[in-house]
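Chain and residue survey
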Amino acid sequence: MKKVQVELAHRSYDILIGTGILERVPEFLAERGARRRLFLVSNTHVFRLYGEALLQRLLSAGFEATQILIPDGEKHKNLQTVENIYTYLIAQGADRCSSLVALGGGVTGDIGGFVAATFHRGIPYVQIPTTLLAQVDSSVGGKTGVNHSLGKNLIGAFYQPNLVCVDLDTLASLPPRDFQSGLYEVVKYGLIVDREFFDYFESNLEAIKQRVPEVMERVISRCCELKAEVTSADEREKDLRRILNFGHTFGHALEAAAKYENLLHGEAVGYGMIAATLLSREKGNIDQATADRIIDCIYRIGVLPRIDHFSHEAALQAMSRDKKRQGDCIHFVLLKGIGETEIRSDIHEETLIRIWDRITSER
Ligand SMILES: NC(=O)c1ccc[n+]([C@@H]2O[C@H](COP(=O)([O-])OP(=O)(O)OC[C@H]3O[C@@H](n4cnc5c(N)ncnc54)[C@H](O)[C@@H]3O)[C@@H](O)[C@H]2O)c1
Ligand SMILES: [Zn+2]
C-alpha cells in the first residue's frame, strides 16, 4: 500500500492506494478517530459491486452505517439529487456528528463532497473513488459540486475530504472505455509536470492497459502526488492549478460541441491534448520530434471516438462562455517541453479553427 499526504496545514489528509483497501476501510477510519455514525453515498450499480460488502464490514466493526443510493449517471449530478440526500439525512436524524462516505466515480464523489460541504455547514467525509478518473483526479484536490441546467459544475464548493481510499481491485470491473478515458488524465500529469513519469507511462503502456496492479499502484500514486502538490500550493485554483487544465480548453469546447453525447470527458481531453500539442509546436515551443512523440503516445492509449458533425461555431461559443467565466481572456496551457508548461492568452480564433481542422481531418 502507498500513502500520499495532501499537505493543507490543519486540514491535511492521506490518500491510501493499494489492493485490498476496501476490506480495511473500517480500520483506517478507526485509526483516524472517525465518527461512528456514517452515511455511505453510492449509486445503485457501484453499491451492488462494492457497497454492500463495505456496509457489512462497517457494521461488523461497530459503525452505525446506512446507505444512501443515488441514480447512476452525470444527468443526476444536480441539485435535485443533493436535495434528496439532504432530506434522507434529516429524516435519519443526521447531524454534525455524522460523516459521509462517497463510494463511486467522479459523479458520486462530486455530489457526496458537495453534500458534506454544505450539510450543517460542513461534515467530515471520506472519498472512495472507484473509476480511474476519480482515483487520479476528481477525488483529490477538494473540488466538489453539481451541474446546473445552464452549465456543468456551476454550483460547488472547495471542501477537502478527511481521507481518500483508492482500492485498485475496483478497477477490474471498470468498462474498458471508462478505463481508457481515465488514462488521458494520467498522461496529462507527465506532460505538464513530470518528464520521468511520462517516460514511464510511455514504456509501460501495455502493462498499464492490462491494469497490472503493481504498475497501476505506481501510476495512480504518482498522479495523486502530483495533483496533491499542485493543489496544496494553490488550493483555490489561481495560477498554478491552471496547468491541470492542459487539454481542457479544447476538450471542454469539444464536449460542448458534441453535446456531451458521444465523448467521455477523458476522450475529449485526449483530443484537447493533441490540439494543445499542435499549438505548442506552432508557437515554436517544442520541436517536431517531441510533438510527434506526444501525439503518438496519446493515440497509443486507444481509439478515440470519431467526432462527427463537428461545428466550429458551437466549439467557439463554448470557448467564449469559458472566457467570460475566466475574466475575458482564455488561458491556454501549452507545453514548453515534456513536463514543462507555459500559459498563453494570445491565441486567435483562426489558429484554433486551423488546429481543429487538422485534428478532425486526420481521423
Ligand atoms: N472534482 C473534480 O476535481 C473533478 C475532476 C474531474 C472530473 N470531475 C467530475 O467527475 C465526473 C466524471 O467521473 P467518472 O468518469 O468517474 O464518471 P461516473 O462517476 O459517472 O462513473 C462512470 C461509470 O462507471 C460506473 N462505475 C464506477 N465505478 C465502477 C467500477 N469500479 N466498476 C464498474 N463500473 C463503475 C459508474 O456507475 C458510471 O456508470 C464528472 O461529473 C466530472 O465533472 C470532477
Ligand atoms: Zn479532466
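Structure first, text after, so check above.
Since this is a predicted model, take the numbers as computed values, not measurements. Counting from 1, residues in each chain are numbered in the order their sequence is written. Whichever chain is written first is A, and whichever ligand is written first is 1; the rest continue in order. It should be noted that, the model being predicted, local features are given only for residues of pLDDT at least 70 and side-chain atom pairs only at 80 or more, the latter also being counted only at that level, while totals for whole chains, interfaces and linings use all residues. Think of the side-chain values as coming from all heavy atoms in the structure, minus any hydrogens and water.

Right, let's talk about helix H3 (residues 79-91) for a bit. Compared with the 18 Å implied by 1.5 Å per residue over 13 residues, the 18 Å span of H3 between its first and last C-alpha is a close match. Any two residues whose heavy atoms approach within 4.5 Å are treated as being in contact. Only DSSP runs of H or I covering at least 4 residues are called helices, and only runs of E covering at least 2 are called strands; the numbering of each starts at the N terminus. Contact partners of the buried residues in H3: strand E3 (37-43), strand E4 (64-70), helix H4 (106-118) and strand E7 (143-148). Two N or O atoms form a polar contact when they lie within 3.5 Å of each other; inside protein one atom must be a possible hydrogen donor and the other a possible acceptor, and for residues adjacent in sequence the pair counts only when both atoms belong to side chains. The distance from a side-chain oxygen at the start of H3 to the backbone nitrogen of Gln80 is 3.2 Å, and the residue carrying that oxygen is Asn78. Where H3 ends, the next residue or the one after it, Gly93, has phi of about 75 degrees, a positive value. An expected span of 1.5 Å times one less than the residue number is assigned to each helix.

Once that is clear, we can look at the environment of Val136. Residue position: Val136 is located in helix H5 (residues 132-138). Given a relative accessible area of 0%, Val136 falls into the buried group. Sequence separation between Val136 and His265 is 129 residues, and the spatial gap between their C-alpha atoms is 14 Å. Residues within four places of Val136 in sequence aside, it is in contact with Gly182, Glu185, Val186, Tyr189, Ile220, Cys223 and Lys227. Three labels apply to residues, based on accessible area from a 1.4 Å probe with only protein chains included: buried if under 20% of the type maximum, exposed if over 50%, partly exposed otherwise in between.

Moving on: the site of ligand 1. Neighbouring residues are identified by heavy atoms, a residue being near a molecule or strand if any of them is within 4 Å of it. Around ligand 1 sit 26 residues, and of these Glu74, Gly106, Thr130, Thr131 and Ser173 come closest. Contact between ligand 1 and Asn43: an oxygen atom at 3.0 Å from a side-chain N or O atom of the residue. At a separation of 2.6 Å, an oxygen atom of ligand 1 approaches a polar side-chain atom of Glu74. Elements with a minimum of two residues in the shell around ligand 1: helix H2 (44-60), H4, H5 and strand E8 (151-158). In this count, Pro and Cys sit with the nonpolar residues alongside Ala, Val, Leu, Ile, Met, Phe, Trp and Tyr, while Asp, Glu, Lys and Arg are called charged and the others, Gly among them, polar. Taken together, the residues of the shell around ligand 1 break down into 7 nonpolar, 10 polar and 9 charged.

Attention shifts here to the coordination of the zinc ion (ligand 2). For Na, K and Ca the donor cutoff is 3.2 Å, while for all other metals N, O and S atoms count as donors only within 2.8 Å; water does not appear among the atoms, so some sites may look incomplete. Distances from the zinc ion (ligand 2) to its protein donors, Glu185 (OE), His248 (NE2) and His265 (NE2), fall within 2.0 to 2.1 Å. Counting along the primary sequence, the residues that act as donors to the zinc ion (ligand 2) give the motif E-x62-H-x16-H. Separated by 63 residues along the polypeptide, Glu185 in helix H6 (residues 176-193) and His248 in helix H10 (residues 248-257) bring together distant segments of the chain. Neither residue differs from the other here; Glu185 and His248 are each classed as buried.

For any pair of aromatic rings, the description consists of the separation of the ring centres together with the inter-plane angle of the planes. Pairing of aromatic side chains here covers Phe, Tyr and the six-membered ring of Trp, requires ring centres within 6.5 Å, and sorts the geometry by plane angle: under 30 degrees stacked, over 60 edge-to-face, intermediate tilted. A complete count under the given rule lists 4 aromatic pairs for this structure. A centroid spacing of 5.7 Å and a plane angle of 55 degrees characterise the contact between Phe250 and Phe332, whose relative ring orientation is tilted. Here Phe250, found in helix H10, pairs with Phe332, found in strand E10 (residues 332-337); they are 82 residues apart in sequence, far enough to count as distant. Neither residue differs from the other here; Phe250 and Phe332 are each classed as buried.

Another point: the side chain of Thr249. Relative to the elements of secondary structure, Thr249 occurs in helix H10. On the accessibility criterion, Thr249 (9% relative accessible area) is buried. Not counting residues within four places of it along the chain, the set of residues in contact with Thr249 comprises Met319, Ile330, His331 and Phe332.

Okay, the state of the cysteines next. Disulfides are defined in this document as cysteine sulfur pairs within 2.5 Å. Across all of its chains, the model carries 0 disulfides by this definition. A disulfide-free cysteine, Cys223 has its sulfur positioned 6.8 Å from the sulfur of Cys224, the nearest such atom. We classify Cys223 as buried; its relative accessible area is 0%.

Bridge analysis of E3 against E4 gives 7 bridges, and the strand direction is parallel. In the strand pairing of E4, Arg37 is matched with Glu64. Crossovers are marked right-handed if the path from the first strand over the helix to the second runs clockwise, as seen with the strands pointing away from the viewer. Regarding topology, H2 serves as the crossover connection from E3 to the parallel E4, and that connection is right-handed. Should DSSP find at least two bridges between two strands, the strands are regarded as paired.

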